[in-house]
Amino acid sequence: MSTLQQQQPMPHLEDWDDFIAGRYREGKAQEEFRVYDAKANPGVAEFYRQNHQHQTLEYVRAKEAEYYPLSRGKKSIWEAAEFLNTLVDDSDPDTDLSQIEHLMQTSEAIRKDGHPRWFVLTGFVHDLGKVLCLYGEPQWGVVGDTFPAGCAYSDQIVFPEYFAANPDSKVPEYQTKFGIYEPNCGLDNVHMSWGHDAYVSKVAEKYLPEPAIYMLRYHSFYAAHRHGAYRHLMSAHDEQMFRWVREFNPYDLYSKGQSKPNVKELRPYYEDLIAEFFPAQLDW
Ligand SMILES: [Fe+2]
Ligand SMILES: [Fe+2]
């Protein structure tokens, strides 16, 4: 295996999203769920091995310090979406969706269900944090299920066995139930593994309502929103807000089968929607 393949084990970043969609396919039996994991495509398994090994508390803190000041320059939301679209792969353009198409498919499904405009917009921006890839961040630092660093790992996280290689698993202080945190301290005080969720939520924080920020920030926190893990770190307010995170998740996972959105036709609607909430240029 070449060094590049070791760094980027999945041929396409979407392989992770597809894996998750398969894992949480509606109506799937529990046994099928396990089989799916065991037979997981080796690229995705290797991706998780790297993710679980390298996402230490120290790494997370360093990435927060690097990206939270939003000093990567100004861009409009549409420019960011087009920038993300340059993350093309060599897959068949007839069957696979571009990044903008995935965003619009998600937001159009939300719109069809009659949800408020901020919710539709949240669908449109939810994966813009994947531009981290274009800044040169490795796949394991952009996508993947997120989890708290600095406390015991839940066995509800995919491939928990890979955490054995994480240096934090040798730090006793980080391996108690609460680790460095206080009981029910609130997720705002928790250092989540670094990725596209944390980054896009910081970018959007000043402009979208709080339920939207929760959706953005925790949409990959499957251990919590799908399995109910880490409630001992959540505040009562987090519990209330997670209703929104759960409401959002099916649109991210299950809108893919629907027809391909016509980006050109829909663009004016989205330009209006973006202008209603975001300034023309914002910090990234
Ligand atoms: Fe995502
Ligand atoms: Fe997504």
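As a reminder, the structure under discussion sits directly above these lines.
Keep in mind that this is a model prediction, so the values were computed, not measured. (Residues numbered from 1 in each chain as written. Chains lettered and ligands numbered in written order. Predicted model: local features only at pLDDT ≥ 70, side-chain atom pairs only at ≥ 80, totals over all residues.)

1. A word on the packing of helix H8 (residues 117-125) against helix H13 (residues 263-277)
1) Next: The N-to-C vectors of H8 and H13 enclose an angle of 110°; their axes lie 10 Å apart at closest approach. Between H8 and H13, the crossing angle belongs to the class labelled roughly perpendicular. The segment H8 lies against H13, with Arg 117, Trp 118, Val 120, Leu 121 and Phe 124 engaging Tyr 270, Leu 273, Ile 274, Glu 276 and Phe 277.
2) Next: Partitioned by chemical class, the residues of the contact of H8 with H13 number 8 nonpolar, no polar and 2 charged. (Axes fitted to C-alpha atoms, helices over the stretch in contact; angles between N-to-C directions. Helix = DSSP H or I, 4+ residues; strand = E, 2+ residues; numbered from the N terminus. Parallel < 35°, antiparallel > 145°, perpendicular 65-115°, else oblique. Contact = placed C-beta atoms within 7 Å. Nonpolar A, V, L, I, M, F, W, Y, C, P; charged D, E, K, R; others polar.)

2. Comments concerning the packing of helix H7 (residues 99-112) against H8
1) Next: Packing of H7 against H8 leaves a shortest axis separation of 7 Å and a crossing angle of 165°. As summarised for this structure, H7 and H8 are arranged roughly antiparallel, according to the angle between their axes. For the pair H7 and H8, the crossing hand works out as right-handed. Across the interface between the two elements, Leu 103, Met 104, Thr 106, Ser 107, Ile 110 and Arg 111 of H7 pack against Phe 119, Val 120, Gly 123 and Phe 124 of H8.
2) Next: Here the contact of H7 with H8 is built from residues that sort into 6 nonpolar, 3 polar and 1 charged. (Left-handed = near helix turned anticlockwise from the far one by under 90°.)

3. Observations concerning helix H10 (residues 210-218)
1) Next: Here H10 lies mainly inside the structure; 8 of its 9 residues are buried.
2) Next: In the core, the buried residues of H10 are packed alongside H8, helix H9 (196-204), helix H11 (222-225) and helix H12 (236-254). (Buried ≥ 20, exposed ≤ 12 C-beta atoms within 10 Å, placed from the backbone.)

4. Focus: unusual backbone geometry
1) Next: Of note in this structure, Phe 159 is not a glycine but carries a positive phi near 50°.
2) Next: By the element assignment, Phe 159 lies in the loop between H8 and H9.
3) Next: For Tyr 230, which is not a glycine, the phi torsion comes out positive at approximately 65°.
4) Next: Note on placement: Tyr 230 falls in the loop between H11 and H12.
5) Next: What makes Tyr 230 buried here is the crowd of 23 C-beta atoms within 10 Å.

5. Here we look at H12
1) Next: For H12, built from 19 residues, the straight-helix expectation of 27 Å at 1.5 Å per residue is met to within 8% by its first-to-last C-alpha distance of 29 Å.
2) Next: Where H12 bends most, at Phe 242, the angle is about 25°.
3) Next: Residues of H12 that are buried include every one of Asp 238, Phe 242, Trp 244, Val 245, Phe 248, Tyr 251 and Asp 252, and no others.
4) Next: Those residues of H12 that are buried are in contact with H7, H8, H10 and H11. (Expected span 1.5 Å × (residues − 1). Bend = angle between axes of the 7 residues up to and from the residue.)

6. Here's the deal with the environment of Glu 239
1) Next: Topologically, Glu 239 is positioned in helix H12.
2) Next: C-alpha of Glu 239 to C-alpha of Pro 42: the two residues are 197 residues apart in sequence and 35 Å apart in space.

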